[in-house]
Amino acid sequence: AQSVTQPDIHITVSEGASLELRCNYSYGATPYLFWYVQSPGQGLQLLLKYFSGDTLVQGIKGFEAEFKRSQSSFNLRKPSVHWSDAAEYFCAVAKNYGGATNKLIFGTGTLLAVQP
Amino acid sequence: NAGVTQTPKFQVLKTGQSMTLQCAQDMNHEYMSWYRQDPGMGLRLIHYSVGAGITDQGEVPNGYNVSRSTTEDFPLRLLSAAPSQTSVYFCASSWSHHVQGGTEAFFGQGTRLTVV
């Protein structure tokens, strides 16, 4: 069965520091991978996605993620964190199931706090 | 273009009461889905629809009903509310249920439901 693991429940970084949020997936075929961000009291917003091709994908707000098939990982990175990046981040994989390939399976999320 | 609109934003129910959470999208998306978000569990798929008149169950469908009479609307009905249904509910839509073509899921702002 497909699954997504985000091993870090809570991360705190200083403003201006670099960030890496981990995501590991379990999926038998070529995965479709996503990172979403949820600000407090808001819905989820897509940061970036990987379908095929270049394994380093760029997203909005200066985020990027690298797909590593050998490690079954899709880690999210940002070189310099801003206070406005404080939010909860979700990794997701699209499950190919009966043709409805937009059935997203989400990880449990990583809550990011940014210290001044 | 409002995107995905959910109503109400907040609701308190007594055990045994029924209610309908509304979801509407104005993007002519064919695929719509409902998720619930609980602490430490990420988002879990309740029901989804790949088009008007077609619905199917997700991971956690028990206690919920859906219908899709129009492309725009996808209401979620709680038949007899239980405290275990206390959660934040998100509706999402995407252009197609096929991931190919770079579709992404757009989320509403959520409905926070408390069952007492």
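Up top you'll find the structure we're talking about.
Residues numbered from 1 in each chain as written. Chains lettered and ligands numbered in written order. Predicted model: local features only at pLDDT ≥ 70, side-chain atom pairs only at ≥ 80, totals over all residues. Heavy atoms only, no water.

Novice: Can you tell me about the side chain of Asp-8 of chain A, naming the residues and giving the values?
Specialist: All names here are of chain A. Structurally, Asp-8 can be placed in the loop between β1 (3-5) and β2 (10-14). Here Arg-22 takes part through its side chain, which lies 2.9 Å from a polar atom of the side chain of Asp-8. Not counting residues within four places of it along the chain, the set of residues in contact with Asp-8 comprises Arg-22, Gly-109 and Thr-110. (Helix = DSSP H or I, 4+ residues; strand = E, 2+ residues; numbered from the N terminus. Polar contact = N/O pair within 3.5 Å; in protein donor to acceptor, adjacent residues only side chain to side chain. Contact = heavy atoms within 4.5 Å.)

Novice: Run through the pattern of salt bridges, naming residues and quoting values.
Specialist: Per the stated rule, a full pass over the model turns up six salt bridges over all chains. Its salt-bridge partner being Arg-77 of chain A, residue Glu-64 of chain A comes within 3.2 Å of it at the nearest N-O pair. Within this pair, whereas Glu-64 of chain A is found in strand β8 (residues 64-68), its partner Arg-77 of chain A is found in strand β9 (residues 73-78), the two being separated by 13 residues in sequence. Asp-38 of chain B is the salt-bridge partner of Arg-36 of chain B, the closest N and O atoms lying 2.8 Å from each other. Asp-38 of chain B matches Arg-36 of chain B in its accessibility class, with the two residues each being buried. Here the residues in one salt-bridge network are Glu-64, Glu-66 and Arg-77 of chain A, joined through shared partners. (Salt bridge = Lys/Arg side-chain N within 4 Å of Asp/Glu carboxyl O. Buried < 20%, exposed > 50% of the residue type's maximum accessible area, 1.4 Å probe, protein only.)

Novice: With reference to specific residues and values, describe the pairing of strand β9 (residues 87-94) of chain B.
Specialist: Residue and element names in this part refer to chain B. Burial within β9 is extensive, with eight of its eight residues counted as buried. The two faces of β9 match: Ser-87, Tyr-89, Cys-91 and Ser-93 on one face and Val-88, Phe-90, Ala-92 and Ser-94 on the other face are all buried. Sheet topology places strand β4 (residues 31-38) next to β9; seven bridges connect them, and they run antiparallel. Among the inter-strand pairings, Met-32 is bridged to a residue of β9, identified as Ser-93. In the sheet, β9 pairs with strand β11 (residues 111-115) via three bridges, with the strands oriented antiparallel. Residue Ser-87 lies in a different strand from β11, and its bridge partner there is Leu-113. In this structure, β9 lies alongside strand β10 (residues 106-107), joined through two bridges in antiparallel fashion. Of the residues in β10, the one forming a bridge with Ser-93 is Phe-106. (Pairing = 2+ DSSP bridges.)

Novice: I'd like a rundown of the state of the cysteines, residues and numbers included.
Specialist: Applying the stated criterion to the full structure yields two disulfides over all chains. One disulfide in the model links Cys-23 of chain A with Cys-91 of chain A; its S-S distance is 1.9 Å. Across the S-S bond of Cys-23 of chain A and Cys-91 of chain A the torsion is about -65 degrees, and the bridge reads as left-handed. Here Cys-91 of chain A lies in strand β10 (residues 87-95) and Cys-23 of chain A lies in the loop between β3 (19-21) and β4 (24-26), a separation of 68 residues in the sequence. Each member of the pair, Cys-23 of chain A as well as Cys-91 of chain A, carries the same accessibility label: buried. The disulfide bridge from Cys-23 of chain B ends at Cys-91 of chain B, spanning 1.9 Å between sulfur atoms. Between Cys-23 of chain B and Cys-91 of chain B, the disulfide has an S-S torsion of -70 degrees and is therefore left-handed. Of the two residues, Cys-23 of chain B is situated in strand β3 (residues 19-25) and Cys-91 of chain B in strand β9; the sequence distance between them amounts to 68 residues. On the basis of relative accessible area, Cys-23 of chain B is assigned to the buried category, the value being 0%. (Disulfide = S-S within 2.5 Å.)

Novice: Could you give me a rundown of the sheet that holds strand β7 (residues 64-66) of chain B, with the residues and numbers involved?
Specialist: Residues and elements named next belong to chain B. One open sheet accounts for four strands, arranged β1-β3-β8-β7; its pairing is antiparallel. For this open sheet the edge positions go to β1 (4-7) and β7, each flanked by a neighbour on one side alone. Strand-to-strand, the axes of this sheet are offset by a mean angle of 20 degrees, without reference to chain direction. Two elements, β1 and β3, share four bridges in a ladder whose sense is antiparallel. Looking across to β3, one finds that Thr-5 is bridged to Ala-24. (Axes fitted to C-alpha atoms, helices over the stretch in contact; angles between N-to-C directions.)

Novice: How would you explain the nonpolar core if you had to name every residue and give the values?
Specialist: Here is a general trend for soluble globular proteins: nonpolar side chains tend to be buried in one another's company. In terms of nonpolar packing, the biggest core is built from 28 residues, with Leu-19, Trp-35, Leu-47, Leu-48, Phe-74, Leu-76 and Tyr-89 of chain A touching the most fellow members. Where this core is concerned, the elements lending two or more residues are β2, β3, β5 (32-38), β6 (44-50), β8, β9, β10 and β12 (110-115) of chain A. Considering every element that reaches this core, the biggest residue donor is β10 of chain A, with four residues. Apart from residues no more than four positions distant in its own chain, Leu-76 of chain A is found in contact with Leu-19, Glu-20, Leu-21, Trp-35, Leu-47, Leu-48, Phe-63, Glu-64, Ala-65 and Tyr-89 of chain A. Formed by 21 residues, the second largest nonpolar core is a distinct cluster that contains Phe-51 of chain A together with Tyr-31, Leu-45 and Val-88 of chain B. (Core = buried A, V, L, I, M, F, W, Y, C linked by side-chain atoms within 4.5 Å.)

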